[in-house]
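# An overview of the molecular structure
Listed here are the chains, written in short residue letters.
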Amino acid sequence: MDIIYLIFLIFLAGAIISWLAGKVNHVLQDILFLASVIVPSVLFYMNVSVGQEVHFQAAGIDLSWGITAFGWIFSLIVLGLGSLAAIYSVGFMKGKERRGYFYFNYVLSIMAMLGILFSRDLVSFFIFWEIMTWSSYLMVIYNGQHTQSIGIKYFIFSAIGAYAMLTAIVVAHSVTGNFMIADLITAYPVLSFNLQLLIPILLLVGFGVKAALMPLHVWAPGAYSNSPMAYTSVFSGALSKMGVYGLTIVMLSMISHLPEGFWFREVLAWMGAITAAVGTLWAIKQDDAKKLLAYSSVAQLGYIVTGIAVGTELSILAGLFLAVMHAIFKSTLFMAVGAIERQTGTTNFTEVTGLIRKMPWTFLASLMSIIALAGIPPLGGFVGKWMLYESLITSDHFIMIVMVFFSSTAAFLYCYKFLFGFFLGQEEREWAHVKEAPAIMVVPMVILAGLSFVLGTFPGILLKPIDAGMQALGFASTYQHLWDTSIILNGWGNQVVLQPILYAILGIFVIFVVFLTLKGYKNTRYVTTKDISSSGEVPKEHENLTFSVNFFQPFMRAVEPAMRRQIDRYYNGFANGLEALFDFTRKIYTGNGQTYAIYVILFLIIMLLIKNNIFG
């Protein structure tokens, strides 16, 4: 049996067995679940090479599976993050109900995402895409809460994207005679202009939904925040990147051939920049960490789409680098929130605070990930954002860089809100019992946080496979002249010239530790939010003086005009209009046979009156 078939067989069998094993023993179920994710991941990296393919037929249709250099970049996200999040999930799901349901859909999601990367034909691609959508939908409704408002919204937008993609596949087959992706890309330059526009637009709708690109993003905040935190790290970190994967292929393999492709790219780049800015503003507004990170994910995906849409060497390097970094630091933050939720029962900043001594390892992972998200050296977010800024400047996108820079700067507000809200505020008596999360949850967080540091200091580790992926999409090698594309890379292109900054940052931390030690850290008196006086009055017990309440209100009032018009209102208005139309339709279909007979007679009369206009 070919190793590729074996990998997918292990995934599929593992999903089923993990579901059923819970009826026998929960420890056995956990072991089988981890094996279902980690074993095929190890087999993939040990035995599958770039360019290796298998060909077969199903229902008379020629199908092909194989990994490309570009797909290999995203396999790092899917399998690497999927394996670490699986380990985390075992700790998070301990004692929870319907673990088999969770494990089954988790494994199917990882399998489907890898299948998308393997698919060399449109039929396989669509089937795996639908498996990914259905398994993620079942995760969104796992908690049984807000099924109508959140689950159905995710399902509807996913259906819109799927039907758009299916239409594109049918059109592509009509002009190429087969379903091979390579044949579509080869035939695309000679297609009629209408088809050259129709096919990529339909595909971009499908991919734009998963990438949470405005105005197709409205499902994301609710879906991310309503899913179990053990899965949201994969949902935001990996599943959204399947949209980025498809967007990149369409932009570089199709849109780049259009004479009007420049304007196409400009529109998409601006959509990405607007997504980044508006997503950031809504993240600042949130008091619940789940929703804050959900909107933050939408904003970060905006940066990625902007870089890919601009289309220069440096911008695509930045976009793909940020895609991997986003998977790392945002997954870590979702894991941290999951750990806090498990230990305290809440994710609201106004309810829990002062956890830095209670959950030090979770704080450390959160701190490093927040630094990466904010684009501060020496972590990887800085490298990606710097390259994005440079690419926008060198490609004359001066107005766009203002919007992207505003979004990045404003992100500091919700980054500080996250850290202060959970960890740096006063300790409260009701949280005195809180302890650090289990090691099985902490270790994956710390590993991912460490990767942010390593890739921020030595980005060549990641830029080399990105370079190979770009070559697979038609670019010349960029790895040998990376040091010419960005001023922050050293003379060999494999390291960031940030040693002076790094030393300064470490020096500040050392001075801070020494200061606390000399001051007498153990003798410091800790106070609660009630152990203060305000204007000579002692606050009552019910009065909440936590700094997290009404965070950044002056700023939010200033930007309120930009947030007043919500796209959700237009979607809801459209839905209400459809509901009114359906209600009217129900009145027409009365169930009375005599009424239907009158309808038939009226239809025949109308046809007789206009027959000459129709048939000549």
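Before reading on, note that the structure itself is shown above.
About the cut-offs
- Residues numbered from 1 in each chain as written.
- Predicted model: local features only at pLDDT ≥ 70, side-chain atom pairs only at ≥ 80, totals over all residues.
- Heavy atoms only, no water.
- Helix = DSSP H or I, 4+ residues; strand = E, 2+ residues; numbered from the N terminus.
- Contact = heavy atoms within 4.5 Å.
- Pairing = 2+ DSSP bridges.
- Phe/Tyr/Trp six-rings, centres within 6.5 Å; stacked < 30°, edge-to-face > 60°.
- Buried < 20%, exposed > 50% of the residue type's maximum accessible area, 1.4 Å probe, protein only.
- Expected span 1.5 Å × (residues − 1).
- 1 Å grid on protein atoms, 1.4 Å probe; cavity = no way out; pocket = protein on both sides within 12 Å on 5 of 7 lines; lining within 4 Å.
- Points joined across faces, edges and corners; volume = space filled by probe spheres on them.
- Nonpolar A, V, L, I, M, F, W, Y, C, P; charged D, E, K, R; others polar.
- Polar contact = N/O pair within 3.5 Å; in protein donor to acceptor, adjacent residues only side chain to side chain.
- Patch = residues over 30% accessible without salt bridge, like charges linked within 9 Å, V, L, I, M, F, W, Y side chains within 5 Å.
- Areas by Shrake-Rupley, 256 points an atom, 1.4 Å probe, with all protein chains shown as cover.
- Salt bridge = Lys/Arg side-chain N within 4 Å of Asp/Glu carboxyl O.

### A closer look at the overall build of the protein
Along the protein, the regular secondary structure elements total 23 helices and two strands. Relative to all contacts within the protein whose residues are 6 or more apart in sequence, the contacts with residues 24 or more apart total 78%.

### What to know about the pairing of strand S2 (residues 61-66)
In this structure, strand S1 (residues 53-58) lies alongside S2, joined through six bridges in antiparallel fashion. Across the sheet, residue Ala-58 finds its bridge partner in S2, namely Ile-61. Hairpin remark: S1 followed by S2, antiparallel, with two residues in the connecting loop; positive phi at Ala-59, about 55°.

### As for the packing of aromatic side chains
Following the criterion strictly, the structure yields 40 aromatic pairs and no others. On the numbers, 6.1 Å between centres and 20° between planes, the contact of Tyr-88 with Phe-92 is stacked. Here Tyr-88 and its partner Phe-92 are both found in helix H3 (residues 69-92), four residues apart, which amounts to about one turn of the helix. The exposure class of Phe-92 is buried, given its relative accessible area of 4%. An angle of 35° between the planes, with centres 5.9 Å apart, marks the rings of Phe-102 and Tyr-106 as tilted.

### Re helix H18 (residues 460-472)
The end-to-end C-alpha distance of H18 is 18 Å, a good match for the 18 Å that 13 residues give at a rise of 1.5 Å each. Burial in H18 covers these residues: Gly-460, Leu-462, Leu-463, Pro-465, Ile-466, Asp-467, Gly-469 and Met-470. One or two positions beyond H18, positive phi appears at Gly-474, with a value near 110°.

### Structural notes on empty space enclosed by the protein
The tally for this structure, following the rule as stated, stands at one cavity of 30 Å³ or more. Its boundaries defined by the atoms lining it, the largest cavity holds a volume of some 160 Å³. Lining the largest cavity are 15 residues, and of these Leu-122, Ile-181, Leu-203, Phe-207 and Ile-249 sit closest to its centre. Of all the secondary structure elements, the ones that give two or more residues to the lining of the largest cavity are helix H5 (122-140), helix H6 (147-176), helix H7 (181-187), helix H8 (193-210) and helix H10 (229-253). Ranked by residue count, the leading element in the lining of the largest cavity is H10, at four residues. In terms of residue class, the lining of the largest cavity is built from 12 nonpolar, two polar and one charged.

### Concerning the side chain of Ser-315
Mapping Ser-315 onto the fold places it in helix H13 (residues 313-344). Accessibility expressed as a relative area gives 0% for Ser-315, which makes it buried. There is a polar contact of 2.8 Å between the side chain of Ser-315 and the backbone oxygen of Gly-307. Side-chain polar atoms of Ser-315 contact the backbone nitrogen of Gly-311, separated by 3.2 Å. Ser-315 has contacts with Gly-307, Ile-308, Val-310 and Ser-391, leaving out every residue within four places of it along the chain.

### Let's talk about unusual backbone geometry
At Arg-98, a position not held by glycine, the phi torsion is positive, near 55°. Here Arg-98 shows up in the loop between H3 and helix H4 (99-118). Of note, Asp-396 is a non-glycine position whose phi angle comes to about 65°, a positive value. Among the structural elements, Asp-396 can be located in the loop between helix H15 (380-394) and helix H16 (398-424).

### A few points about a nonpolar patch on the surface
On the surface, Ile-598, Tyr-599, Ile-601, Leu-602, Ile-605 and Leu-609 cluster together into a nonpolar patch covering about 580 Å² of accessible area. Here Leu-609 lies in helix H23 (residues 593-615). Leu-609 gets classed as exposed once you look at its relative accessible area, which sits at 66%.

### Observations concerning the environment of Val-107
Topologically, Val-107 is positioned in helix H4. For Val-107, a relative accessible area of 0% translates into the label buried. With 89 residues separating them in the primary sequence, Val-107 and Ser-18 have C-alpha atoms 8.9 Å apart. If we skip the residues at most four places from it in the chain, Val-107 touches Phe-11, Ala-15, Phe-33, Ser-36 and Val-37.

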